[in-house]
Amino acid sequence: MKKELVWSLAWGGGIIVLALGVSMARKLGYIESETALRLIIGSIGLMTAAFGNRIPKTVVPGISPHRTQRVAGWSLALSGLAYAGLWAFAPIPVATFGGMAAILAGLVVTFGYCLTLRGSAKTA
C-alpha cells in the first residue's frame, strides 16, 4: 500500500511541477496559452495510461488478476493515449469531447469487466 501511495503522489507531484513550469514558460513568452493547456491536460492522459495498469489489483484482488490486469491495462492505456493524442493534435473542441469519450470508454470497459468477474465469483 505504501508503494502505491508513493507512486501516486509522485505522479501528482510531477503534474504539479509540469503545470508550474509550463505556467512560468507561458508568462515568460516561451509558449502560447494553447500549448500550455495541451501539455498539462495531455499529461493527465498519460497518467491515466500509467494508472490503467495498476487499478485492477485493488478492484479485483483475488479474482483472475492476470486477465483483469490485461483487460484494464489495455483499455485504460489505450484510452489514456487517445486522450493525450487528441490533446496534442486535435482542435480544442474535438480534444475536449473526444478525450472525455475516450477516458469514459476505457473506464466503462475496465469497471464493467471487473464487476462482471466479481458477479461471477459470487455465483460460483
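So, here's what we can say about the structure. (Residues numbered from 1 in each chain as written. Predicted model: local features only at pLDDT ≥ 70, side-chain atom pairs only at ≥ 80, totals over all residues. Heavy atoms only, no water.)

When two helices pack together, their arrangement is given by the angle between the helix axes and by the axis-to-axis distance. Packing of helix H1 (residues 2-27) against helix H2 (residues 33-52) brings their axes to within 9 Å, and their N-to-C directions diverge by 170 degrees. As judged from the angle between their axes, H1 and H2 are roughly antiparallel. In this structure, H1 uses Trp7, Ser8, Trp11, Ile15, Leu18, Ala19, Val22 and Arg26 to contact H2, whose residues at the interface are Ser33, Ala36, Leu39, Ile40, Ser43, Ile44, Leu46, Met47, Ala50 and Phe51. Here the contact of H1 with H2 is built from residues that sort into 14 nonpolar, 3 polar and 1 charged. (Axes fitted to C-alpha atoms, helices over the stretch in contact; angles between N-to-C directions. Helix = DSSP H or I, 4+ residues; strand = E, 2+ residues; numbered from the N terminus. Parallel < 35°, antiparallel > 145°, perpendicular 65-115°, else oblique. Contact = heavy atoms within 4.5 Å. Nonpolar A, V, L, I, M, F, W, Y, C, P; charged D, E, K, R; others polar.)

This part takes up H1. A rise of 1.5 Å per residue sets the reference length of H1, with its 26 residues, at 38 Å; its end C-alpha atoms lie 37 Å apart and thus fit the reference within 8%. When H1 is considered as a whole, its buried residues turn out to be Ile15, Val22 and Ala25. Against H2 lie the buried residues of H1. Backbone geometry just after H1 places Gly29 at a positive phi near 90 degrees. (Expected span 1.5 Å × (residues − 1). Buried < 20%, exposed > 50% of the residue type's maximum accessible area, 1.4 Å probe, protein only.)

Where side chains of opposite charge bring their charged atoms close, a pairing between them can arise. If you walk through the whole model with that rule in mind, you get 1 salt bridge. Here Arg38 ties to Glu34 by a salt bridge, and the two come within 3.0 Å at their closest N and O atoms. Here Arg38 pairs with Glu34, and both are found in helix H2, just 4 residues apart, close to one helical turn. Classification of Arg38 as buried rests on a relative accessible area of 14%. For Glu34, a relative accessible area of 42% translates into the label partly exposed. (Salt bridge = Lys/Arg side-chain N within 4 Å of Asp/Glu carboxyl O.)

Below, the discussion takes up the side chain of Ser79. Here Ser79 lies in helix H4 (residues 65-89). Exposure remark for Ser79: the relative accessible area of 6% places this residue in the buried category. Within the structure, the side chain of Ser79 is placed 3.1 Å from the backbone oxygen of Leu76, a separation counted as a polar contact. Excluding anything up to four places from it in sequence, Ser79 contacts Ala102, Ile103 and Gly106. (Polar contact = N/O pair within 3.5 Å; in protein donor to acceptor, adjacent residues only side chain to side chain.)

Another aspect to go through is a nonpolar patch on the surface. A cluster of nonpolar side chains, Leu46, Trp74, Leu78 and Leu81, forms an exposed patch at the surface whose accessible area comes to about 440 Å². With 3 residues, H4 is the largest single contributor of residues to the nonpolar patch. Within the fold, Trp74 resides in helix H4. (Patch = residues over 30% accessible without salt bridge, like charges linked within 9 Å, V, L, I, M, F, W, Y side chains within 5 Å. Areas by Shrake-Rupley, 256 points an atom, 1.4 Å probe, with all protein chains shown as cover.)

The first and last C-alpha atoms of H2 sit 29 Å apart over 20 residues, in line with the 28 Å expected at 1.5 Å per residue. For H2, the set of buried residues is Ala36, Arg38, Ile41, Gly42, Ser43, Gly45, Thr48, Ala49 and Gly52.

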